[in-house]
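Residue-level structural notes
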Amino acid sequence: MTKKIKTALVSVFYKNGLDNIIKELDKLGVTIYSTGGTQQFIESLQVPCTGVESLTTYPSILGGRVKTLHPAVFGGILGRRAVETDRQEMEQYKIPEIDLVIVDLYPFEETVASTDEEALIIEKIDVGGPSMIRAAAKNFRDVLVIASKKDYAALEQILVDGNGETTMEQRKEFAAKAFNICTGYDLAISNYFNGSTYANPFSDETTVLRYGENPHQSARFIGKSEAVYKQIHGKELSYNNLVDVDAAIQLIREFDNTTFAIIKHTNVCGIASRDTVLEAWQAALAGDPESAFGGVLVCNKEVDEATARAINELFFEVLLAPAFTGDALALLQSKKNRILLEMKEASTAKGYQYKSLLNGILTQQNDEGNYQKWEEAGARESAPSEKADMEFANLVCKHLKSNAIALVKNKQLIGKGCGQTSRIDALRQAIAKAQQFNFSLQEAVLASDAFFPFDDCVKMGHEAGIAAFIQPGGSVRDRDSIAYCKENNLVMVLTGTRHFKH
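Nothing here was measured: the structure is a model prediction, and the numbers come from that model.

**Some remarks on the overall build of the chain**
Along the chain, the regular secondary structure elements total 18 helices and 23 strands. Radius of gyration (C-alpha) of the chain: 31 Å, far over the 23 Å computed for a compact globule of 502 residues. By its C-alpha atoms, the chain is 95 × 55 × 45 Å across when sized along the principal axes. Burial analysis of the chain (502 residues in total) assigns 47% to the buried set. Intrachain contacts of the chain at a sequence separation of at least 6 include 56% that bridge at least 24 residues. Computing the positive centroid from 54 side-chain charges and the negative centroid from 65, the chain places the two 3 Å apart.

Shown next, in the form of structure tokens:
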């Protein structure tokens with residue numbers, strides 16, 4: 001069923017692109033109602049416009065907080081043309097029908113991003129805007145609603161092609177868009193008040209990806225990646241690239257000293273801290289040069305030319321760094337598809353994790369920190385070098401899929417076992433990796449993401465040469481592992497913090 005637009009209510013924050021619509025409405029003889037700055041804009045186009053005050057008989061009050069919240073406005077939007085009693089009441093109270101509502105929302109998210117001043121943020125919580133949008137969308141059988149400047153071009157096309165008439169399909173389509181916009185807006189406000197970061201599934205910030213985890217899966221990214229990094233070279237990031245980039249950022253923000261890491265399928269396959277970026281890269285790569293092929297690389301310092309030259313010898317998907325020297329960038333850009341990302345400060349922000357499962361969403365706080373306590377439970381106190389390595393290893397292990405074991409020596413990952421169904425298998429894998437690349441485990445340390453259920457891990461580790469162990473503790477058989485360490489002059493540190501990762 002088509003409807004002729006005879007009256008329109010226009011009240012917007014963003015006026016760019018609105019002029020053609022106003023002129024087209026004027027051509028069609030549409031009566032336009034408006035408010036404040038929008039009314040001034042319309043009148044500047046030499047188009048007649050009636051202030052909403054003429055309907056409400058009230059001026060804009062309370063510093064502009066109340067302009068349109070009145071039965072004369074909402075009755076005109078919500079009145080059902082096919083319901084006799086609605087028509088009678090509208091006639092009785094001299095309420096004009098409103099056929100088109102063009103209303104957008106105050107820039108709440110933009111204000112939150114630009115200031116910490118609460119008073120300014122609160123004033124950008126729109127009340128009348130969402131109310132009018134929802135009212136118009138609810139009454140889509142009679143009213144067309146435009147709730148975003150992104151739809152101005154589509155509206156202009158409808159006005160020109162349809163000679164001011166709209167179809168039921170068009171009105172319902174824009175009503176759905178309007179409800180999505182209101183939902184996202186309310187979510188942003190809720191996030192602000194609750195200190196949460198729930199992603200808006202209706203955000204305009206949506207990127208359609210080539211495909212998902214596998215080529216037969218469709219995928220999209222919802223969010224503002226530019227707040228986390230700036231892409232300075234290379235092809236579009238894939239679904240798997242984005243997953244690994246997130247894992248890389250979560251890992252590298254754990255370290256203050258110059259650190260380089262290599263990620264494959266969200267697991268750490270190489271990481272080291274050294275005095276220079278080049279040395280950190282060389283040590284990280286040496287930890288598992290086989291797995292590094294096609295990985296995601298990340299460091300927490302500026303990449304210089306010498307490091308870039310060394311990195312350039314390896315095929316990799318993505319490199320993240322806070323900065324690149326000019327010479328390094330010129331060298332790394334020699335491969336057109338190689339993705340280079342410049343990390344921003346926002347990438348270190350704490351937050352929450354979300355996972356869709358069953359018929360809902362699981363949410364939890366990020367796993368922040370290293371350990372709750374440092375309890376020396378072995379035969380001897382850890383030496384300073386052992387403590388430094390155990391702190392490093394525990395952070396690395398936190399970023400491996402469970403069950404996980406990390407073997408570290410001189411702040412270099414030399415063996416890891418991850419994603420195993422038993423802890424002893426994770427240790428077997430870690431030892432095998434270290435041996436594959438000819439690392440000695442003498443004086444190495446071992447970190448476990450969860451407690452040792454039996455003493456088999458400390459026994460196997462000790463036999464391989466490991467002298468210090470760090471784990472959360474909490475097993476009913478902790479005493480067995482502790483007793484073995486005490487009998488064999490080994491270090492055992494209990495942290496009280498488990499780092500499962502699934």
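Still more ground to cover, so stick around.
**Describing the nonpolar core**
One recurring pattern in soluble globular proteins is that nonpolar side chains are buried together. Formed by 41 residues in total, the largest nonpolar core has its most connected members in V245, V268, I271, L320, L341 and V396. With sequence-adjacent residues up to four places away left out, V268 is seen in contact with L251, I262, I263, V396, H399, L400, L413 and K416. Residues Y33, A136, F140 and V143 belong to the second largest nonpolar core, which totals 30 residues.

**What about the pairing of strand β16 (residues 352–357)?**
Two strands pair when backbone bridges link them, and β16 and strand β17 (residues 360–365) are joined in this way by 6 bridges, in the antiparallel orientation. For Y354, the partnering residue across the bridge sits in β17 and is T363. The hairpin turn running from β16 into β17, its antiparallel successor, is 2 residues long, and L358 in that turn takes a positive phi close to 50°.

**A look at the sheet that holds strand β19 (residues 405–408)**
What the 6 strands build is an open sheet, ordered β18-β23-β22-β21-β19-β20; its pairing is mixed. Each of the sheet's edge strands pairs with one partner strand only, and the pair in question is β18 (375–376) and β20 (413–417). With 4 bridges connecting them, β19 and β20 associate as antiparallel partners. Following the sheet pairing, L407 is matched in β20 by G415. Along the sheet, helix α16 (residues 423–436) contacts β19, β20 and β21 (445–448); its crossing angle with β20, the most-contacted strand, is approximately 145°. Each of β22 (468–471) and β23 (491–494) touches helix α18 (residues 478–487); the most contacted strand, β23, lies at about 150° to it.

**Describing the pattern of salt bridges**
What the rule picks out here adds up to 19 salt bridges. Notably, a salt bridge pairs D99 with R81, separated by 3.1 Å at the nearest N-O pair. In this pair, D99 is assigned in the loop between α5 (84–92) and β5 (100–103) and R81 in the loop between α4 (71–78) and α5, connecting sequence segments 18 residues apart. Judged on exposure class, the residue D99 and its partner R81 are both buried. We note a salt bridge from R477 to D480, for which the minimum N-O separation is 2.9 Å. Residues joined by salt bridges that share partners form a network here, namely R81, E97 and D99.

**A few points about the sheet that holds strand β13 (residues 296–299)**
If you walk across this open sheet you meet the 6 strands as β10-β15-β14-β13-β11-β12, and the pairing is mixed. The two strands at the open ends of the sheet, each matched to only one other strand, are β10 (229–233) and β12 (267–273). Put simply, the sheet's adjacent strands are angled 20° from each other on average, direction ignored. Pairing between strand β11 (residues 259–264) and β12: 6 bridges, direction antiparallel. Within β12, the residue paired with I262 across the bridge is G270. Against the sheet, helix α11 (residues 239–252) engages β10, β11, β12, β13, β14 (318–321) and β15 (339–343), with an angle of about 150° to β11. Across the sheet, helix α12 (residues 277–287) is in contact with β11, β12 and β13; its angle to β11 comes to roughly 35°.

**So, helix α9 (residues 152–161)**
Within α9, the full set of buried residues consists of Y152, L155, I158 and L159. The arc enclosing the buried residues of α9, seen along the axis, measures out at 120°, which places them on a common side. Along α9, exposed side chains directed more than 90 degrees from the buried face belong to A153 and D161. Looking at the buried residues of α9, the elements they touch are α1 (19–27), β5, β6 (144–146), β7 (165–166) and α10 (168–194).

**Comments concerning α16**
Between its first and last C-alpha, α16 extends 20 Å over 14 residues, near the 20 Å set by a 1.5 Å rise per residue. Tucked into the core, α16 has its buried residues touching β19, β20, β21 and α17 (456–464). Of the residues trailing α16, N438 is marked for its positive phi of about 60°.

**Let's talk about the packing of aromatic side chains**
Scanning the entire structure with this criterion turns up 10 aromatic pairs. Put simply, the rings of F108, Y185, Y192 and F193 touch in pairs and so form one group of aromatic residues. Lying across the ring of Y14, K149 places its NZ or CZ 4.1 Å from the centre. Stacked on the ring of W374, the Lys or Arg K387 has its end atom at 5.1 Å from the ring centre.

**Considerations on the environment of L69**
Within the secondary structure, L69 is located in the loop between α3 (53–56) and α4. Residues L69 and A388 lie 319 residues apart in sequence; the distance between their C-alpha atoms is 63 Å. When sequence neighbours within four positions are dropped, the list of residues in contact with L69 reads F74, V127, G128 and S131.

**Some thoughts on a negative patch on the surface**
Together, E109, E110, E205 and E226 line one region of the surface with negative charge. One can find E109 in helix α6 (residues 108–114). With a relative accessible area of 40%, E109 lands in the partly exposed category.

Parameters at a glance
- Residues numbered from 1 in each chain as written.
- Predicted model: local features only at pLDDT ≥ 70, side-chain atom pairs only at ≥ 80, totals over all residues.
- Heavy atoms only, no water.
- Helix = DSSP H or I, 4+ residues; strand = E, 2+ residues; numbered from the N terminus.
- Rg over C-alpha atoms; globule rule 2.2 N^0.38 Å.
- Buried < 20%, exposed > 50% of the residue type's maximum accessible area, 1.4 Å probe, protein only.
- Contact = heavy atoms within 4.5 Å.
- Lys, Arg positive; Asp, Glu negative; His and termini not counted.
- Charge placed at Lys NZ, Arg CZ, Asp CG, Glu CD.
- Core = buried A, V, L, I, M, F, W, Y, C linked by side-chain atoms within 4.5 Å.
- Pairing = 2+ DSSP bridges.
- Axes fitted to C-alpha atoms, helices over the stretch in contact; angles between N-to-C directions.
- Salt bridge = Lys/Arg side-chain N within 4 Å of Asp/Glu carboxyl O.
- Arc of directions from axis to C-beta.
- Expected span 1.5 Å × (residues − 1).
- Phe/Tyr/Trp six-rings, centres within 6.5 Å; stacked < 30°, edge-to-face > 60°.
- Lys NZ or Arg CZ within 6 Å of the ring centre and 35° of its normal.
- Patch = residues over 30% accessible without salt bridge, like charges linked within 9 Å, V, L, I, M, F, W, Y side chains within 5 Å.
- Areas by Shrake-Rupley, 256 points an atom, 1.4 Å probe, with all protein chains shown as cover.

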